[in-house]
Amino acid sequence: MTELQQIRLEINNAFKLSGFTIRKEASVYLAEQLVSLSPQERKKQIDKLLTHILHQCLSHPVLEKQHIEVAYKECSSSGLEETETVLNVIDAFSVPKLHYDNERNKFVKDVSASNNLYPEPKWKAQFLIDRYTLIWNRTARNKLFAKETLPSMESENRFQLRKIEVLQSSSSRVDDVIVLGLLTQLTEGKYYLEDPTGSVLLDLTETRYHSGLFTESSFVLAEGYYDDRVLHVMGLVLPPAESRATSLPFFGSLNTFGGKSKTLLKNSQNLLKIEQDNEDGMIVFISDVWFDNLKVISKLKTLFAGYNDFPPIAIVFMGEFLSCPYGYEHSTQLKAALTNLCDVIFPFTKLRQSCKFIFVPGRGDPVAPNILPRPAIPNSITKEIRDKLGDSVIFTTNPCRIQYCTQELVIIRQDLVTKVCRNSIHFPETGDIPDHLTKTLLSQCTLSPLSLGVQPVYWKHADALSLYPMPDLVVVADHFQPYTRMYQDCQVMNPGSFPRTEFSFKVYVPASRTVEDSQIPNDDT
């Protein structure tokens, strides 16, 4: 008996055990596909194929060649499970909503969540309460505050978190107070600390500010003493951030990032192998790409020509996409500019066939209010470029998420440095602004640590701005100078404004988890 006949016999027996009859031409086709595999891999592939066919709920048990061909292409060509996507762009309105279950001491998915943009008024407070609960639990288990089962001398010196209601119930002075709460102005010019149990007036005259940027509506740890219904703050510090490795046990295998998979793809060995094998794979990030500017288009042609022979995984364009101020003809101008961009991309055959072009809108792009998360550019504007380039172009929301193999990337186009610094109650005297901003975003677990008056947010979609658990990379496309920072194993970077920084951009290499600076050379000479 030849090897091919042995494989056919193995296939026939496996399918019979599952209640199927497989036609001769179908078994010959499948045997030819599996002949190069080892016996263990072959058995695994046949089991995967059977599982896939069983899920199809076929009306009759006789399998023709076309059934096997389709099933094999769908689930076996890459060795991936059905829900294991190599590259997936997740829009903000598809991000799963999670809440903390105190009884089970872990996060669970809220299956009742709807996509209503304008929900009941209770959600205005609820999204802040949810974030407070998250930060409280994260802070309480930090080594500075966590209580040990068996007390020791070391544990006696640890700090104790208090709720505001505990302070308000005291009629005498309370020393060595540490309170976690929301920094807010309940009265004009007077700052209060607020949590779900109450609020207390703050005296900030002798406060020493630790590193970070402290904005109204950010959660802070206030250290000091409580006397005569006032909390006299000696030190103000951001809540301690938590690395992803520390956070993961509280989520289990739950998919917290978004996408089709029910389980976390970060643990997928199949995807990890693809990621590591693609050593030269890269994702390009370009911000403020003015498609109506001739010099920008000329530089993009140079970029496309350079990448045509070795296409990147994706090129992420971030708005604004027009150089002119927003006006009544903005939609028409952007539609024409995108059509022109399509004509520029089309000659680069390898690039458009192998690379994804992802578009993240900016504040000035049509046609949505200045509320986060911001919807994608409407289909009426993008129809022509999508028709010509097909699946190669993806128009998504701001912010959005990108899952590449086992890595999680969060992208937002927002001038955060200006907004956060302008609304900070104390500007840091020392240190680097990108360092302060990075620490602030990751300690606040959000892309928008600002009051709703400064940056409106759709209350029920605040989870789309979440940075907990920490992703691998956060891209904050800002007018500020380009930077890359690492904090708690999470990279935060700003590619800078493409036209304003002499056509520089950032490149992320997933296999090595490194960010590289790049620039299109000046060809004027």
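Remember, it's a predicted structure, so these values are computed and weren't measured experimentally.

## Points about the overall build of the protein chain
What the protein chain contains, in helices and strands, is 15 helices and 23 strands. C-alpha atoms of the protein chain, sized along the principal axes, occupy 90 × 70 × 40 Å. Counted over contacts in the protein chain with a minimum sequence separation of 6, partners at least 24 positions apart contribute 69%. Roughly 25100 Å² of accessible area belongs to the protein chain as shown, and the carbon and sulfur atoms make up 50% of that amount. Side chains of the protein chain give 55 positive and 62 negative charges; the mean places of these two sets differ by 4 Å.

## Quick look at the nonpolar core
In terms of nonpolar packing, the biggest core is built from 38 residues, with Ile286, Phe291, Leu300, Phe304, Phe317, Phe357 and Phe359 touching the most fellow members. Of the residues forming this core, the biggest block, 7 residues, is contributed by helix α11 (residues 330–345). Among the nonpolar cores identified, the runner-up in size contains 31 residues, and Leu213, Leu441, Leu450 and Val476 belong to it.

## Some remarks on the UniProt feature "domain: DNA polymerase alpha/delta/epsilon subunit B" (unreviewed entry) in the protein chain
When the UniProt feature table is mapped to this numbering, "domain: DNA polymerase alpha/delta/epsilon subunit B" (unreviewed entry) covers residues 283–484. Within residues 283–484, the helical portion is 33% and the strand portion 18%, while the C-alpha atoms at the span's ends are 15 Å from each other.

## With respect to unusual backbone geometry
Cis geometry is found at the peptide bond from Gly319 to Glu320, where omega equals 5 degrees. Relative to the elements of secondary structure, Glu320 occurs in the loop between β14 (314–318) and α11. Residues Leu372 and Pro373 are joined by a peptide bond in cis, for which omega reads -5 degrees. Looking at the element boundaries, Pro373 is found in the loop between β15 (356–360) and α13 (379–389). Even without a glycine there, the phi angle at Cys405 is positive, about 50 degrees. Looking at where Cys405 falls in the secondary structure, it is placed in the loop between β17 (400–404) and β18 (407–413). In this structure, Gln488 is a non-glycine residue whose phi angle is positive, near 50 degrees. Checked against the element boundaries, Gln488 lands in the loop between β20 (483–487) and β21 (490–494).

## Considerations on the sheet that holds strand β16 (residues 393–395)
One open sheet accounts for 6 strands, arranged β16-β15-β14-β13-β22-β23; its pairing is mixed. Each of the sheet's edge strands pairs with one partner strand only, and the pair in question is β16 and β23 (514–519). Taking each pair of neighbouring strands and ignoring which way they run, the sheet shows an average axis angle of 20 degrees. As defined by bridge partners, strand β22 (residues 504–509) adjoins β23 across 6 bridges and the pair is classed as antiparallel. Paired with Val509 across the strands is Thr514, a residue of β23. This element, α13, spans β15 and β16 of the sheet and lies at about 150 degrees to β16.

## With respect to the packing of helix α10 (residues 294–307) against α11
In the contact formed by α10 and α11, the axes pass within 10 Å of each other and the chain directions differ by 30 degrees. With respect to α11, the axis of α10 lies roughly parallel. As α10 packs across α11, the resulting crossing turns out to be right-handed. Taken together, the residues of α11 that come into contact with α10 (itself represented by Ile297, Leu300, Lys301 and Phe304) are Asn340, Leu341, Val344 and Ile345.

## Observations regarding α11
Helix length check: α11, at 16 residues, gives a terminal C-alpha distance of 22 Å against a target of 22 Å (1.5 Å per residue), a fit within 8%. Buried residues of α11: His330, Leu334, Ala337, Leu338, Thr339, Leu341, Cys342, Val344 and Ile345, and no others. Of the surrounding elements, those touching the buried residues of α11 are α10, α12 (349–354), β15, α13 and β16.

## Let's talk about the environment of Asn105
Turning to its location among the elements, Asn105 is positioned in the loop between β4 (98–101) and β5 (106–109). Here Asn105 falls in the partly exposed class, since its relative accessible area comes to 43%. A sequence separation of 61 residues divides Asn105 from Val166, and the C-alpha atoms of the two residues are 24 Å apart.

## Observations regarding the pattern of salt bridges
Tallying each qualifying case throughout the model produces 23 salt bridges. Among the salt bridges present, the one from Arg413 reaches Glu320, with a minimum N-O distance of 3.5 Å. With a gap of 93 residues between them, Arg413 in strand β18 and Glu320 in the loop between β14 and α11 connect regions that are remote in the sequence. Using a relative accessible area of 3% as the deciding quantity, one classes Arg413 as buried. Here Asp517 and Lys506 are joined by a salt bridge, their closest N and O atoms 2.5 Å apart. Of the two residues, Asp517 is situated in strand β23 and Lys506 in strand β22; the sequence distance between them amounts to 11 residues. Take Asp517: its relative accessible area is 63%, and that puts it in the exposed class.

Conventions adopted
- Residues numbered from 1 in each chain as written.
- Predicted model: local features only at pLDDT ≥ 70, side-chain atom pairs only at ≥ 80, totals over all residues.
- Heavy atoms only, no water.
- Helix = DSSP H or I, 4+ residues; strand = E, 2+ residues; numbered from the N terminus.
- Contact = heavy atoms within 4.5 Å.
- Areas by Shrake-Rupley, 256 points an atom, 1.4 Å probe, with all protein chains shown as cover.
- Lys, Arg positive; Asp, Glu negative; His and termini not counted.
- Charge placed at Lys NZ, Arg CZ, Asp CG, Glu CD.
- Core = buried A, V, L, I, M, F, W, Y, C linked by side-chain atoms within 4.5 Å.
- Buried < 20%, exposed > 50% of the residue type's maximum accessible area, 1.4 Å probe, protein only.
- UniProt positions renumbered as here; feature names shortened; annotations may be inferred.
- Pairing = 2+ DSSP bridges.
- Axes fitted to C-alpha atoms, helices over the stretch in contact; angles between N-to-C directions.
- Parallel < 35°, antiparallel > 145°, perpendicular 65-115°, else oblique.
- Left-handed = near helix turned anticlockwise from the far one by under 90°.
- Expected span 1.5 Å × (residues − 1).
- Salt bridge = Lys/Arg side-chain N within 4 Å of Asp/Glu carboxyl O.

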